[in-house]
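Close look at the chain arrangement
Now for the letters of each chain:
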Amino acid sequence: MSNRMWGGRFASGPAEIMEEINASIGFDKRLAPQDIRGSLAHVAMLGAQGILPADDVAAIQDGLKAVHSEIEAGTFVFRRELEDIHMSVESRLTEIVGPSAGRLHTARSRNDQVATDMKLWVRDTLDNLDAQAAGLQQALAEKALAHAGTVMPGFTHLQSAQPVTFGHHCLAYVEMLARDRGRFRDARARLNECPLGAAALAGTSFPIDRHATAAALGFDRPTANSLDSVADRDFALESLSAASICAIHLSRFAEELVVWTSAQFDFVRLSDGYTTGSSIMPQKRNPDAAELVRAKSGRIVGALMGLLTVMKGLPLAYSKDMQEDKEGTFDALQALSLCLAAMTGMVRDLEPNAGVLARAAGSGYSTATDLADWLVRELGLPFRQAHHVTGRLVGVASGKGVGLEALSLPEMQEAEPRITQAVYAVLGVENSVASRVSFGGTAPANVRAQAEGWLARLAEPVA
Ligand code: ARG
């Protein structure tokens with residue numbers, strides 16, 4: 001049988017393999033709610049413009065609602081020979097309503113239809129990701145407030161650098177997520193133009209009202225160029241790009257959790273809810289959720305690369321290549337949603353090991369910069385010279401296998417005679433972090449104020 005939607009000029013049906021490569025129903029059936037919403041807006045507009053008689057409009061509207069109920073109830077039968085969600089809905093509509101269902105497709109094409117459906121799906125998904133990212137920010141800000149004064153080593157090159165607080169580390173991710181949310185919102189704002197009514201590529205001769213359908217579907221305005229309307233997948237690329245950056249942030253944090261939960265670091269404890277045991281080694285508590293968050297960033301970035309490559313070199317306007325936008329976009333944005341949920345759970349349950357962190361914070365000569373700063377502040381040494389004196393003292397201490405605070409005053413004075421007893425105050429980790437009061441610095445008072453500020457902002461109703 002030739003296709004009943006477009007088979008007029010075909011004598012025989014498609015080859016088996018043609019049907020298989022051509023069909024998207026296996027994955028675009030999830031667009032059913034968006035597809036029916038778009039059709040309802042379209043048919044209402046056709047009625048209001050006098051393009052369709054009122055009785056046909058009413059019959060089609062009732063029929064679309066019936067199809068929607070069947071899909072929701074799981075009784076709708078999806079058939080591969082109907083290719084995609086658009087033709088599946090229309091075919092069932094025809095069975096319910098009769099031949100007048102065929103009037104629904106007046107002044108539109110599957111090209112503007114699918115672009116509209118995808119935009120509606122991506123828009124809802126971006127809103128959900130934004131809300132989930134806010135939830136993760138909240139969990140992190142709460143941890144930050146609870147641990148504003150919990151010291152830990154800060155690293156550069158994964159070498160102990162200077163002590164920081166655990167709260168400060170948490171708030172670094174709150175900032176990253178704020179930028180991620182900004183990108184989700186930017187992408188949403190830019191995508192919010194409605195392609196419906198661009199028809200196949202050139203617009204239509206029917207007196208349609210694109211402003212009305214745009215408004216009915218919650219878009220800010222109709223898209224301005226019919227070719228661009230059906231050829232554009234920037235909204236998917238941009239969302240995948242924002243999702244990729246967010247996934248990379250989560251992956252970096254996940255990597256830290258993997259390292260921190262190792263027996264060698266023992267910085268934090270993940271809850272039983274977010275770890276797994278080993279079938280052979282009874283002592284193990286594996287950070288599988290963190291590892292999977294780290295890994296899923298690969299498929300999210302992969303989806304972005306995949307779609308960029310699909311779009312590259314496509315002449316205007318629509319080509320069937322663009323059907324390949326869906327699986328990657330659905331999969332990647334869904335994976336990010338799962339990662340955000342898993343991270344939020346892990347962070348909520350996470351317990352830093354304060355004793356281990358404090359010991360680690362003091363090791364590796366992490367307060368050497370504090371000593372150099374003291375030499376500058378108290379003795380007026382130029383920083384370069386202070387750096388040199390401190391380097392000598394670190395050498396002496398490491399030769400003896402002790403920390404800087406274990407050197408005697410005479411030993412200190414051998415490197416710089418004007419050093420006094422007062423220097424010992426800055427060699428402590430607590431003093432070190434407390435002194436970092438510059439804007440954005442790690443001092444507990446700063447961290448507490450920033451965490452409280454975030455929690456207050458996150459509690460505000462969304463604009
Ligand atoms: N399933 C198609 C897609 O996802 C719908 C658009 C088909 N348009 C066409 N001219 N064949 O892209």
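All values reported here derive from a predicted model rather than from experimental measurement.

Conventions used here
- Residues numbered from 1 in each chain as written.
- Predicted model: local features only at pLDDT ≥ 70, side-chain atom pairs only at ≥ 80, totals over all residues.
- Heavy atoms only, no water.
- Pairing = 2+ DSSP bridges.
- Helix = DSSP H or I, 4+ residues; strand = E, 2+ residues; numbered from the N terminus.
- UniProt positions renumbered as here; feature names shortened; annotations may be inferred.
- Core = buried A, V, L, I, M, F, W, Y, C linked by side-chain atoms within 4.5 Å.
- Buried < 20%, exposed > 50% of the residue type's maximum accessible area, 1.4 Å probe, protein only.
- Near = heavy atom within 4 Å.
- Polar contact = N/O pair within 3.5 Å; in protein donor to acceptor, adjacent residues only side chain to side chain.
- Areas by Shrake-Rupley, 256 points an atom, 1.4 Å probe, with all protein chains shown as cover.
- Nonpolar A, V, L, I, M, F, W, Y, C, P; charged D, E, K, R; others polar.
- Expected span 1.5 Å × (residues − 1).
- Arc of directions from axis to C-beta.
- Contact = heavy atoms within 4.5 Å.
- Salt bridge = Lys/Arg side-chain N within 4 Å of Asp/Glu carboxyl O.
- Axes fitted to C-alpha atoms, helices over the stretch in contact; angles between N-to-C directions.
- Parallel < 35°, antiparallel > 145°, perpendicular 65-115°, else oblique.
- Left-handed = near helix turned anticlockwise from the far one by under 90°.
- Phe/Tyr/Trp six-rings, centres within 6.5 Å; stacked < 30°, edge-to-face > 60°.
- Lys NZ or Arg CZ within 6 Å of the ring centre and 35° of its normal.

**Describing the pairing of strand S1 (residues 151-156)**
Both S1 and strand S2 (residues 159-165) contribute to a ladder of six bridges, which runs antiparallel. Counterpart to Gly 154 in the pairing with S2 is Gln 162. Connecting S1 to the antiparallel partner S2 that follows it, the hairpin turn spans two residues, and His 157 within it adopts a positive phi of roughly 55°.

**Here we look at the UniProt feature "domain: Argininosuccinate lyase C-terminal" (unreviewed entry) in the chain**
Residues annotated by UniProt as "domain: Argininosuccinate lyase C-terminal" (unreviewed entry) correspond here to residues 365-434. Along residues 365-434 the backbone is 61% helical and 0% strand, and the end-to-end C-alpha distance reaches 17 Å.

**Let's talk about the nonpolar core**
Among the nonpolar cores identified, the biggest contains 93 residues, and Leu 140, Leu 250, Leu 257, Leu 336, Leu 340, Met 343 and Met 346 are the most heavily contacted of them. The leading source of residues in this core is helix H10 (residues 234-260), at 14 residues. Residues Leu 371, Trp 374, Leu 404 and Ile 419 belong to the second largest nonpolar core, which totals 19 residues.

**A few points about the site of the ligand**
Ser 24, Asp 28, Asp 84, His 86, Arg 110, Asn 111, Val 114, Tyr 318, Gln 323 and Lys 326 make up every residue found near the ligand. Contact distances for the ligand include 2.9 Å between a nitrogen atom and a side-chain N or O atom of Asp 84. Taking Lys 326, its side chain carries an N or O atom lying 2.5 Å from an oxygen atom of the ligand. Look at the ligand: alone it shows 340 Å² of surface, and the protein chains cover 87% of it. Tallying contributions element by element places helix H6 (residues 110-146) first for the shell around the ligand, with three residues. Split by residue class, the shell around the ligand holds two nonpolar, four polar and four charged.

**Thoughts on the UniProt feature "domain: Fumarate lyase N-terminal" (unreviewed entry) in the chain**
Residues annotated in UniProt with the feature "domain: Fumarate lyase N-terminal" (unreviewed entry) correspond here to residues 10-302. Taken end to end, residues 10-302 has its terminal C-alpha atoms 38 Å apart, with 61% of it in helix and 6% in strand.

**Some thoughts on helix H18 (residues 444-459)**
For H18, with 16 residues, the first-to-last C-alpha span of 22 Å sits near the 22 Å given by 1.5 Å per residue. The complete set of buried residues in H18 reads Pro 444, Asn 446, Val 447, Ala 451, Trp 454, Leu 455 and Leu 458. Buried positions in H18, seen along its axis, are confined to an arc of 160° and lie on one side of it. Of the surrounding secondary structure, the elements contacted by the buried residues of H18 are H6, S2, helix H7 (166-191) and helix H17 (429-435).

**So, the side chain of His 249**
Assignment of secondary structure puts His 249 in helix H10. Under the relative-accessibility criterion, His 249 is labelled buried at 10%. Beyond its immediate stretch of four places on either side in the chain, His 249 contacts Tyr 173, Met 176, Asp 180 and Arg 183.

**Quick look at the pattern of salt bridges**
Taken as a whole, this structure holds 26 salt bridges when the rule is applied. The salt bridge involving Asp 56 is made with Arg 103; its shortest N-O contact spans 2.7 Å. Pair noted here: Asp 56 is in helix H4 (residues 54-73) and Arg 103 is in the loop between helix H5 (85-97) and H6, with a separation of 47 residues, a long-range link. Here Asp 84 ties to Arg 110 by a salt bridge, and the two come within 2.7 Å at their closest N and O atoms. Pair noted here: Asp 84 is in the loop between H4 and H5 and Arg 110 is in helix H6, with a separation of 26 residues, a long-range link.

**Focus on the packing of H6 against H18**
The N-to-C vectors of H6 and H18 enclose an angle of 150°; their axes lie 9 Å apart at closest approach. Judged on the interaxial angle alone, H18 and H6 are roughly antiparallel. The handedness of the crossing between H6 and H18 comes out as left-handed. In this structure, H6 contributes Ala 134, Gln 137, Gln 138, Ala 141, Glu 142, Ala 144 and Leu 145 to the contact, and H18 contributes Val 447, Arg 448, Ala 451, Glu 452, Trp 454, Leu 455 and Leu 458. Here the contact of H6 with H18 is built from residues that sort into nine nonpolar, two polar and three charged.

**Quick look at the packing of aromatic side chains**
Going through the model one piece at a time under the given rule, you end up with eight aromatic pairs. An angle of 50° between the planes, with centres 6.1 Å apart, marks the rings of Phe 166 and Trp 260 as tilted. Here Trp 260 lies in helix H10 and Phe 166 lies in helix H7, a separation of 94 residues in the sequence. Among the residues examined, Phe 166 registers a relative accessible area of 2% and is labelled buried. Note on Trp 260: relative accessible area 4%, which makes it buried. Both rings, one in Phe 265 and one in Phe 267, keep their centres 5.0 Å apart while their planes meet at 75°; by these two values the pair is edge-to-face. By relative accessible area, which is 5% here, Phe 267 ends up buried. Put simply, the rings of Phe 155, Phe 166, Trp 260, Phe 265 and Phe 267 touch in pairs and so form one group of aromatic residues. In this arrangement the basic side chain of Arg 123 is found over the ring face of Phe 219, its NZ or CZ atom lying 4.8 Å from the centre. Over the face of the ring belonging to Trp 454 we find Arg 457, whose NZ or CZ atom lies 4.2 Å from the ring centre.

**Some details on the packing of H4 against H5**
Interhelical geometry of H4 versus H5 gives an angle of 120° and a closest axis separation of 9 Å. Here H4 lies oblique to H5, going by the angle between them. Remark: the crossing between H4 and H5 carries right-handed chirality. Between H4, through Ala 59, Ile 60, Gly 63, Leu 64, Ala 66, Val 67, Glu 70 and Ile 71, and H5, the contact on the second element is made entirely by Val 89, Arg 92, Leu 93, Ile 96 and Val 97. Of the residues contributing to the contact of H4 with H5, the split by class is 10 nonpolar, one polar and two charged.

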